[in-house]
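# Structural overview for review
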Amino acid sequence: MKTTIFKPAPLGSLVLETRILTDGTRFDAMTQDNAGSGAVIAAGFVPSSALADPEDTGRTTVLSDKEIFFHQMYLQMEALIWTPVFAGLTHPGEAAASGQPLELPSVDSARSYGREARRIKTAECEMLVSEFASAADAARAAHYAGVLIQMGKDSLLGAFLSPETNGRDDKYGGNVFKRMRLSAETVTAVKASQPDFPLIVAYDTTRNGRTDEEMLLQLAFMEEAGADAFLLEGEEEPEFIQRLRESCEVPVIRRPSEKTVLSAIRLLNEGKADFALI
């Protein structure tokens, strides 16, 4: 089968020249190693949401003018190799920095690993939505090409989606619709603030107490809210991937079995993803 690696493909308002993306940090993303990449997803270099404020537990913080300037300088380096860079936005949840309390949907049903943990309040959930929108605004001001909202393993938004880590009884917990509310509101707010800014949702496909139907429903709601692509992480069963590919209209990004170009090409040629992330 003819390779699709160099077939330009849309991702939101962007058209990427290649279908292989790079999972980079602010350090390796500055190298020529990514010169042939369709885009760099700076999952390890988050401009605002995951920069926890020590004065305010683990909630999101908005970039200062000085920090935005730093990011602009970084992106100018990337411009030298013509590679779009997506900013990763997340609340760390169970992955909070050492010395900070874990902020979780509910403490009783979460894995605190012996660390101090607290239940995030309903009002803080509402505030978090606007903070993600502000984080996207900051990423746009710093000239990122788009954003990735992390709803994968250990992230706060991801924990809200699972009944195993969300035992709340307010509007953000309970049935599948309430559990997906915070994530859907976050995507909606980001797209309302930056309508033409490409938005990738990173989603954990490990069941964690969910059925395939629940996960497909959650992804359908994210697509309706404005997600321009899905990055699938975690356990991936072929039948579920096939059902998702048939039901969603936005691109699907997956990691090949090996972090090599050949493995990525194989994944794309088999029609199992629209983009490969290595």
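Notes on the structure in this doc start here. Quick caveat, the model's predicted, so the values are computed rather than measured.

A separate point is the nonpolar core. If you look at the biggest cluster of nonpolar residues, it comprises 46 residues, and the most contacted ones within it are Val147 and Phe230. Here this core gets eight residues from one element, more than from any other, and that element is helix α2 (residues 122-141).

Take the environment of Glu223 next. The topology assignment puts Glu223 in helix α6 (residues 212-225). Along the chain, Glu223 and Thr188 lie 35 residues apart, while their C-alpha atoms are 9.9 Å from each other. Apart from the residues within four sequence positions on either side, Glu223 is in contact with Phe230, Cys248, Glu249 and Val250.

What follows covers the packing of α6 against helix α7 (residues 238-247). Where α6 contacts α7, the axes come no closer than 11 Å and their chain directions differ by 35°. At the point where α6 passes α7, the crossing takes the right-handed sense. Here Asp212, Glu213, Met215, Leu216 and Leu219 of α6 come into contact with α7, specifically with Phe240, Arg243, Leu244 and Ser247. Looking at the contact of α6 with α7, its residues break down into five nonpolar, one polar and three charged.

What follows is about the pattern of salt bridges. A complete count under the given rule lists 16 salt bridges for this structure. Linking Glu103 and Arg118 is a salt bridge whose minimum nitrogen-to-oxygen distance equals 2.6 Å. Highlighted residues: Glu103 in strand β6 (residues 102-104) and Arg118 in strand β7 (residues 117-119), separated in sequence by 15 residues. Overall, the relative accessible area of 0% leaves Glu103 in the buried class. Between Asp170 and Arg168 there is a salt bridge, with its nearest N and O atoms 2.7 Å apart. What makes Arg168 buried here is its relative accessible area of 5%. A single network of salt bridges, built from pairs that share partners, joins Glu103, Arg118 and Glu124.

Looking now at α2. Residues lying three or four places apart along an α-helix face the same way, a consequence of the helix completing one turn every 3.6 residues. Here α2 contains 20 residues, and its C-alpha end-to-end distance of 29 Å stays within 8% of the 28 Å for a straight helix at 1.5 Å per residue. Within α2 the residues assigned to the buried category are Glu124, Cys125, Leu128, Val129, Glu131, Phe132, Ala133, Ala135, Ala136, Ala138 and Ala139. Of the residues flanking the end of α2, it is His143, one or two places downstream, whose phi is positive at about 75°.

Parameters and conventions
Residues numbered from 1 in each chain as written. Predicted model: local features only at pLDDT ≥ 70, side-chain atom pairs only at ≥ 80, totals over all residues. Heavy atoms only, no water. Core = buried A, V, L, I, M, F, W, Y, C linked by side-chain atoms within 4.5 Å. Buried < 20%, exposed > 50% of the residue type's maximum accessible area, 1.4 Å probe, protein only. Helix = DSSP H or I, 4+ residues; strand = E, 2+ residues; numbered from the N terminus. Contact = heavy atoms within 4.5 Å. Axes fitted to C-alpha atoms, helices over the stretch in contact; angles between N-to-C directions. Left-handed = near helix turned anticlockwise from the far one by under 90°. Nonpolar A, V, L, I, M, F, W, Y, C, P; charged D, E, K, R; others polar. Salt bridge = Lys/Arg side-chain N within 4 Å of Asp/Glu carboxyl O. Expected span 1.5 Å × (residues − 1).

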